[in-house]
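# A structural walkthrough
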Amino acid sequence: ATPPAADLALELRHVRKTYPGQAVPALRDLTLGVPRGSRTGIIGRSGAGKGSLVRLISGLETPDAGELWVQGEQPHRLSQAERRARQARTGLVFQHFNLLAQRTALGNVTLPLELLGVPRAQRDPRARELLAQVGLADLTGRYPAQLSGGQKQRVGIARALATDPDLLLAD
């Protein structure tokens, strides 16, 4: 496998992904290059494979065939420790928010920082700053059930940005 050009943050070469029990592949012969520092959007109908692509790039899924390179690494070929480190450098915004119901907006944003061992004195101000950036400075103490869908999505975005990721993926 030949690594991608240095100017590419992401490269897929003839990637295929089929889920067990599914006759039609979620991704078939996908080839794509994304330059470092760029913002790239993938659009398509529901069921077109956008979520599968995000899961492959984030390392949550493994391709059946082809080559997948993320910032010079093949996530599916990393050890578990290396994969966890890669995932810690990747921000992921889920389509259905995946917020923890028992945590406030602030608590949801601080979670990835807690998991990385960042002291509370550093993580709370960081989370408050991010919530302010997404227009939720006055809702830090609200629980997901008390937020609208758009507000929940913005909490998810703030959480994805909390660790200052190298790569941000949104499904």
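Structural data are supplied above this passage.
Here goes a summary of the coordinates provided. (Residues numbered from 1 in each chain as written. Predicted model: local features only at pLDDT ≥ 70, side-chain atom pairs only at ≥ 80, totals over all residues. Heavy atoms only, no water.)

## A look at the sheet that holds strand β1 (residues 8–17)
What counts here: At least two bridges found by DSSP between two strands are what make those strands a pair. Only DSSP runs of H or I covering at least 4 residues are called helices, and only runs of E covering at least 2 are called strands; the numbering of each starts at the N terminus. The angle between two axes is taken between their N-to-C directions and runs from 0 to 180 degrees, where each axis is a line fitted to C-alpha atoms and a helix contributes only its stretch in contact.
Strand order in the open sheet formed by 3 strands is β2-β1-β3, and the pairing between neighbours is antiparallel. Looking along the sheet, the strands with just one partner apiece sit at the ends: β2 (27–35) and β3 (65–70). Taken pair by pair, the neighbouring strands of this sheet meet at an average axis angle of 10 degrees, ignoring direction. Bridging between β1 and β2 involves 6 bridges; their strand directions are antiparallel. Each residue of the ladder has a partner; that of L12, found in β2, is L32.

## Focus: the nonpolar core
For clarity, the cut-off: Take the buried Ala, Val, Leu, Ile, Met, Phe, Trp, Tyr and Cys residues and link them wherever side-chain atoms come within 4.5 Å; each set so joined is a nonpolar core. A 1.4 Å probe rolled over the protein chains alone gives each residue an accessible area, and that area as a share of the maximum for its type sets the label: buried under 20%, exposed over 50%, partly exposed in between.
In terms of nonpolar packing, the biggest core is built from 15 residues, with V109, L131, L136, V155 and A158 touching the most fellow members. One finds V15, V70, L92 and L167 within the second-largest nonpolar core, a separate group that totals 14 residues.

## Thoughts on the environment of R86
This is how the line gets drawn: Working rule for contacts: check all heavy atoms of both residues, and any pair within 4.5 Å makes them a contact.
Mapped onto the elements, R86 comes out in helix α2 (residues 80–88). Residue R86 is classed as buried on the basis of its relative accessible area of 3%. Distance from R86 to Q71, taken between C-alpha atoms, is 9.6 Å for residues 15 residues apart in sequence. Non-local contacts of R86, meaning those with residues more than four positions away in its chain, are made with V70, Q71, E73 and L78.

## Some thoughts on the packing of helix α3 (residues 105–115) against helix α4 (residues 120–133)
Filter applied, for reference: Should an angle lie under 35 degrees it is considered roughly parallel, over 145 roughly antiparallel, and from 65 to 115 roughly perpendicular; all remaining angles are considered oblique. Handedness of each helix crossing follows the sense of rotation of the near helix against the far helix: counterclockwise by less than a right angle gives left-handed, clockwise gives right-handed.
At a minimum axis separation of 9 Å, α3 and α4 run at an interaxial angle of 125 degrees. The orientation of α3 relative to α4 falls into the category oblique. As for the relative orientation of α3 and α4, their crossing is right-handed in sense. Residues A105, L106, V109, T110, L113 and E114 of α3 form the contact with α4, whose participating residues are R123, D124, R126, A127, R128, L130 and L131.

Purely geometric stuff here, so don't read any function into it on its own.
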